[in-house]
Amino acid sequence: MKLFSPETWVSFIPNGLGQVKPNHYWEMAKAVWQNRDQLPFAWRILKQGVCDGCALGTAGMRDFTLPGVHLCMVRLHLMRLNTAPALDIRALADVTAGWRGNRPLQEMNAAELRRLGRLPYPMIRRAGEKGFQRLTWEEAYGILAARIRATQPNRLGFYLTSRGLTNEVYYVAQKVARFLGTNNIDNSARICHAPSTVALKQMLGVPAATCSYRDWLGTDLLVFIGSDTPNNQPVTTKYMYYAKKQGTRIVVINPYREPGLERYWVPSVFESAWFGTRLADAFFHVHIGGDIAFLNGAIKHMLAAGWVDRDFIQQHTAGFDALQAALAQQSWQELEQAAGASAADMQAFAQMVANAKTAVFVWSMGITQHRHGVENVKAIINLALTRGFVGREKCGLVPIRGHSGVQAGAEVGAVPNLLPGGVPVNEENARQLAAQWGFAVPAHQGLSAVEMIEAAHDGGLELLYAAGGNFLETLPDPAFVRAALAALPWRVHQDIVLSPQMFVAPGEAVLLLPARTRYEQAGGGTETSTERRIYFSPEISGRRVGESKSEWEIFMELAERVYPERRPLIHFDSAQHIREEIARTVPFYDGIQHLRQSGDALQWGGPHLCEGWHFPTASGRAHFAVLSPPPRPAGTNLFMVTTRRGKQFNSMVHAERDPLTGARRNDIFMNADDARRLGLREGDWAVLKNHLGEYRGRIKLAAIRSGNLEVHWPEGNVLIQRGVTDPACGIPDYNTTVEVVPAG
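All chains use their own residue numbering, which begins from 1 and follows the written sequence. Local features are withheld for residues below a pLDDT of 70 in this predicted model, meaning they are given only at 70 or higher, and side-chain atom pairs are given and counted only at 80 or more; totals for whole chains, interfaces and linings count all residues. Calculated side-chain values reflect all of the structure's heavy atoms, with hydrogen atoms and water omitted.

### Observations concerning the packing of helix 7 (residues 194-204) against helix 18 (residues 373-386)
Between helix 7 and helix 18, the least distance of the axes is 8 Å, while the angle of their chain directions is 45°. Looking at the two axes, helix 7 sits oblique to helix 18. Both helix 7 and helix 18 take part in a crossing whose hand is right-handed. Here helix 7 contributes Pro195, Ser196, Val198, Ala199, Leu200, Gln202, Met203 and Leu204 to the contact with helix 18, which in turn contributes Gly373, Val374, Val377, Lys378, Ile381, Asn382 and Leu385. The angle between two axes is taken between their N-to-C directions and runs from 0 to 180 degrees, where each axis is a line fitted to C-alpha atoms and a helix contributes only its stretch in contact. Each helix corresponds to a stretch of at least 4 residues labelled H or I by DSSP, and each strand to a stretch of at least 2 residues labelled E; elements are numbered beginning at the N terminus. Between 65 and 115 degrees an angle is taken as roughly perpendicular, under 35 as roughly parallel, over 145 as roughly antiparallel, and anywhere else as oblique. Note on convention: near helix rotated counterclockwise from far helix by under a right angle means a left-handed crossing. Clockwise means right-handed. Residue contacts are defined here by distance: any two heavy atoms, one from each residue, within 4.5 Å place the two residues in contact.

### Side note on the sheet that holds strand 18 (residues 525-528)
The sheet built from 3 strands is open, its strands ordered 18-19-20 with antiparallel pairing. Taken across any chain shown, the strands that pair with only one partner, and hence form the sheet edges, are strand 18 and strand 20 (601-603). Across this sheet, the average inter-strand angle for adjacent strands is 20°, counted without regard to direction. In this sheet, strand 19 (residues 533-537) lies alongside strand 18 in antiparallel orientation, the contact comprising 4 bridges. The partner of Gly525 across the bridge, within strand 19, is Ser537. Packed onto the sheet, helix 6 (residues 167-179) meets strand 18 and strand 19 and runs at close to 95° relative to strand 18. If DSSP finds at least two bridges between two strands, the strands pair.

### Describing the state of the cysteines
Two cysteine sulfurs form what is called a disulfide whenever their separation falls within 2.5 Å. For the structure on display, the rule yields 0 disulfides. Summary of cysteine pairing: Cys72 is not part of a disulfide, and the nearest cysteine sulfur, belonging to Cys51, is at 5.3 Å. You can see Cys610 has no disulfide; the closest cysteine sulfur is in Cys211, sitting 11 Å from it.

### What about the pattern of salt bridges?
When a carboxyl oxygen of Asp or Glu is within 4 Å of a side-chain nitrogen of Lys or Arg, the pair counts as a salt bridge. Here the structure, examined in full by the defined rule, presents 33 salt bridges. Between Arg561 and Glu138 there is a salt bridge; the shortest N-O distance is 2.5 Å. Residue Arg561 is located in helix 24 (residues 551-562), and its partner Glu138 is located in helix 5 (residues 137-149); the two are separated by 423 residues in the primary sequence. Relative accessibility under 20% of the residue-type maximum defines a buried residue, over 50% an exposed one, and the middle range a partly exposed one, all with a 1.4 Å probe and only protein chains included. Overall, Arg561 belongs to the partly exposed group, its relative accessible area being 27%. Classification of Glu138 by relative accessible area gives partly exposed; the value is 48%. Note that Arg543 is salt-bridged to Glu520, the shortest N-O span being 3.3 Å. Pair noted here: Arg543 is in the loop between strand 19 and helix 24 and Glu520 is in the loop between strand 17 (509-514) and strand 18, with a separation of 23 residues, a long-range link. Judged by its relative accessible area of 0%, Glu520 falls in the buried class. Within the structure, one salt-bridge network assembled from shared partners comprises Arg147, Arg155, Glu462 and Glu508.

### Let's talk about unusual backbone geometry
The omega torsion across Trp713 and Pro714 is 15°, close enough to zero to call that bond cis. Within the fold, Pro714 resides in the loop between strand 28 (708-712) and strand 29 (735-742). The phi torsion at Lys394 lies on the positive side, around 65°, for a residue other than glycine.

### With respect to the sheet that holds strand 9 (residues 282-285)
The strand order across the open sheet formed by 5 strands is 9-6-5-11-12, and the pairing between neighbours is parallel. One side of each edge strand has no neighbouring strand; the edge strands of this open sheet are strand 9 and strand 12 (396-399). Taking each pair of neighbouring strands and ignoring which way they run, the sheet shows an average axis angle of 15°. In this structure, strand 5 (residues 221-225) lies alongside strand 6 (residues 249-254), joined through 5 bridges in parallel fashion. Directly across from Leu222, in strand 6, lies its bridge partner Ile250. Contacting strand 5, strand 6 and strand 9, helix 12 (residues 291-305) runs over the sheet at an angle of about 135° to strand 6. Contacting strand 5, strand 6 and strand 9, helix 16 (residues 343-355) crosses the sheet at an angle of about 140° to strand 9.

### Description of the environment of Ser537
The residue Ser537 is located in strand 19 in this model. On a C-alpha basis, the gap between Ser537 and Gly49 in space is 5.0 Å, while along the polypeptide they are 488 residues apart. Once residues within four sequence positions are removed from consideration, Ser537 is found in contact with Gly49, Val50, Arg518, Tyr519, Gly524 and Gly525. Looking at Ser537, its side chain comes within polar contact range of the main-chain nitrogen of Val50, at 3.0 Å. Residues adjacent in sequence count toward polar contacts only when both atoms are side-chain atoms; beyond that, a polar contact is any pair of N or O atoms within 3.5 Å, and within protein one must be able to donate a hydrogen and the other to accept it.

### Regarding the packing of aromatic side chains
Classification of ring pairs rests on two measures: the distance between centres of Phe, Tyr or Trp rings, Trp counted by its six-membered ring, which must be within 6.5 Å, and the angle between planes, read as stacked under 30 degrees, edge-to-face over 60 and tilted in between. Tallied over the full model, the rule gives 30 aromatic pairs. Where Trp216 meets Tyr239, the ring centres are 6.1 Å apart and the plane angle is 85°; that geometry is what we call edge-to-face. With Trp216 in the loop between helix 7 and strand 5 and Tyr239 in helix 9 (residues 236-245), this residue pair connects regions lying 23 residues apart in the sequence. Here the two residues Trp216 and Tyr239 agree in accessibility, since each one is buried. Taken together, the aromatic side chains of Tyr171, Phe179, Trp437, Phe439 and Tyr563 make up a single cluster linked through ring pairs. Sitting above the plane of the Trp332 ring, Lys300 keeps its charged end 5.6 Å from the centroid. A ring is considered to have a charge above it if a Lys NZ or an Arg CZ atom is located within 6 Å of its centre and within 35 degrees of its normal.

### Side note on empty space enclosed by the protein
With a 1 Å grid laid over protein atoms only, a set of points is called a cavity when a 1.4 Å probe fits there but cannot get out and a pocket when it is open yet has protein on both sides within 12 Å along at least five of seven lines; lining residues have an atom within 4 Å of a point. Grid points are joined across faces, edges and corners, and a volume is the space filled by probe spheres set on the points. Tallied over the full model, the rule gives 7 cavities of 30 Å³ or more. Computed from the structure, the largest cavity encloses a volume of approximately 380 Å³. Broken down by secondary-structure element, the contributors of at least two residues to the lining of the largest cavity are helix 8 (229-232), helix 17 (365-368) and strand 22 (638-644). Top element by residues in the lining of the largest cavity is strand 22. It accounts for 3 residues. Looking at the lining of the largest cavity residue by residue, the classes come out as 5 nonpolar, 14 polar and 6 charged. Of the pockets and cavities examined, the second largest cavity occupies roughly 240 Å³. Lining of the second largest cavity is provided by 19 residues; of these, Arg163, Gly469, Asp495, Ser651 and Met652 occupy positions nearest its centre. Contributing elements (two or more residues each) for the lining of the second largest cavity: helix 4 (110-115) and helix 22 (471-474). Classification used: nonpolar for Ala, Val, Leu, Ile, Met, Phe, Trp, Tyr, Cys and Pro, charged for Asp, Glu, Lys and Arg, polar for all others including Gly.

### What to know about the pairing of strand 1 (residues 123-126)
With 2 bridges joining them, strand 1 and strand 2 (residues 133-134) adopt antiparallel strand pairing. Of the residues in strand 2, the one forming a bridge with Met123 is Arg134. Here strand 1 folds back onto strand 2 in antiparallel fashion, the turn holding 6 residues, of which Gly128 has a positive phi close to 90°. Relative to strand 17, strand 1 runs antiparallel, the two being bridged by 4 bridges. Among the inter-strand pairings, Arg126 is bridged to a residue of strand 17, identified as Ala509.

### What to know about a nonpolar patch on the surface
A contiguous nonpolar patch, built from Leu3, Phe4, Phe270 and Trp274 and spanning about 460 Å² of accessible area, is present on the exposed surface. The topology assignment puts Trp274 in helix 11 (residues 270-275). By definition, no residue in a patch forms a salt bridge, and every one has over 30% relative accessible area; like charges are joined within 9 Å, nonpolar side chains (Val, Leu, Ile, Met, Phe, Trp, Tyr) within 5 Å. Values of accessible area rely on a 1.4 Å probe in the Shrake-Rupley scheme; residue burial ignores everything except the protein chains shown.

### Section: the nonpolar core
The tendency in soluble globular proteins is for nonpolar side chains to be buried as a group. Here, the term nonpolar core denotes a set of buried Ala, Val, Leu, Ile, Met, Phe, Trp, Tyr and Cys residues that are joined through side-chain atoms within 4.5 Å. Of all hydrophobic cores here, the largest spans 167 residues; its most connected members are Leu204, Trp216, Phe294, Phe349, Leu397 and Phe555. In this structure Leu397 touches Leu200, Leu204, Ala209, Thr210, Cys211, Phe361, Trp363, Ile380, Ile381, Ala384 and Val390, once residues within four positions along its chain are discounted. If you look at the next biggest cluster of nonpolar residues, it comprises 21 residues, including Ala449, Leu464, Leu472 and Val504.

Below is the structure:
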């Protein structure tokens, strides 16, 4: 492997000085300053804990992909959530009045609320009251237990976000929900990779990434579709750097030419930190929602040229003839119009796929957050199957996760349609689980997160219990979501910090329950990464905040108060006890009970799923899917707009300016030709309008496909219509059509 590769350098200027890029070393210094009051604690978290940022997975500051330090700015930006002191609860006494020269808490945004500190005690606010009063834990449990006993189980709802939750928390929460008689439990994967799980399961018989990160290194072709990993999973740039050293070609399919995928300065690699690295070898611009058309076109070219692996297809797949017949009926004019790319572009990409002996396909929410998200994922799987790029070394399909721990949510049962182990909710599976647990398990499918909000708005839900999250920022149509939260008689917010949704006026009561972070969890905890690797994260010694409790303990202790006569059926003596039960209930998690110290890990399913082309489907074969490109909106003055991430983690915004793109939070990414046609220039104010609302922002000229726009999420949610979801998985569509009007 070459020590230096000048052909990949961006500039001779050290560390990209003067470029629009992150200043990693300055950001590291700021992180040290922000945590200066708890530096030893912060260092122990970094050295011993499993990262609570993205889902690449670490053991301390090491991973299982490459030697050397694994540390990124996402993790450092989140560190203050772990080290922050307790907030002064006097600030909660009246959330309608200013506090110490600041505006009222109910008017603060999420970042301002986080800066107040950690939630230290249980609190309650009743209808008509201006603020919260402190409770003891026994008082909080008693109030909640009485209300739950008086509520029909189908009118309860539980939601868990991905902010550092461990597998133990997911497991206990879903068991508690079912102990209380409901399958109304969901997690934040609903709005990220639910389509990936459904599509992979239907076509390949597996619900997760089929390969490991190591397979990126030296694969012939690494394809990113609708994914901006330098922003969301920054350490992947290190993987890409070393992959290119081994001859890997990197291709990007996206509406916008993401600067971080074009070039990046990897801070832990001297050559890249000094000169920068050109990552992508080829970009293919497509329309928002044009992925199926583009990938169908690539397969159509491969069929015409005889570039598919006929032996693999004949011996190990089903449905190929139907796909071939359907593609024959899709004209090049139709595909070009829907894709936003030429037939020549599709052929160029098809040629790259054909020339590769191995390939890995990576995608994220640019693919999944559509009303046809499942079909988008199926289009990627179709392409991989034409060449047998699954179930072998340096090949695979990777729905890359953006949030730590979210991979395990569905696997251990924290979803409304699956029980632990990923088995469907039905009478037979519920009976089998009831035999293990010793209590009846509901056999009907519950409500998803989106459906819970709809039910709350319509009076169909009486109590919503949210562990983390902020529905006001994460779901479409924030005004509707606010009205739905206000309509709920009871809300419970279990969290480490305050969030805006806590200050929606209570119907009857709002309770705040103070949680500990994963690093403070009694007995340690585990996390499952994108590549299915289960890591042990030990309990880190250090200060604890107020009367906060481990999250699994809160769920368990509440359930014990609801039905004290059945306490033994829901009680766990320790986190180790939970892991032992997970191993019995989720067969492919067997081994989790042996993870006991920092560095311990196991990868369920092994390095490759479907290895040797053995597919765990009913037929034993992988299945192709027949797909038609979704139509583009009609009208010359209409634009497709999608939401994107800036310098943020989930909905937690870390900075007003994105160092990768140079964009401000209110910028509107627009093609220069479109701007010229509308008489707009860089920095001009414009209004995006549709039937739902308006978004006012500044024009930012960008390398984006004409006819398409991008705005930041969650600010752009004011334009996104609620109720538009993928029928196969329930993910909301975060794309819409708008008119662009110059602002006066």
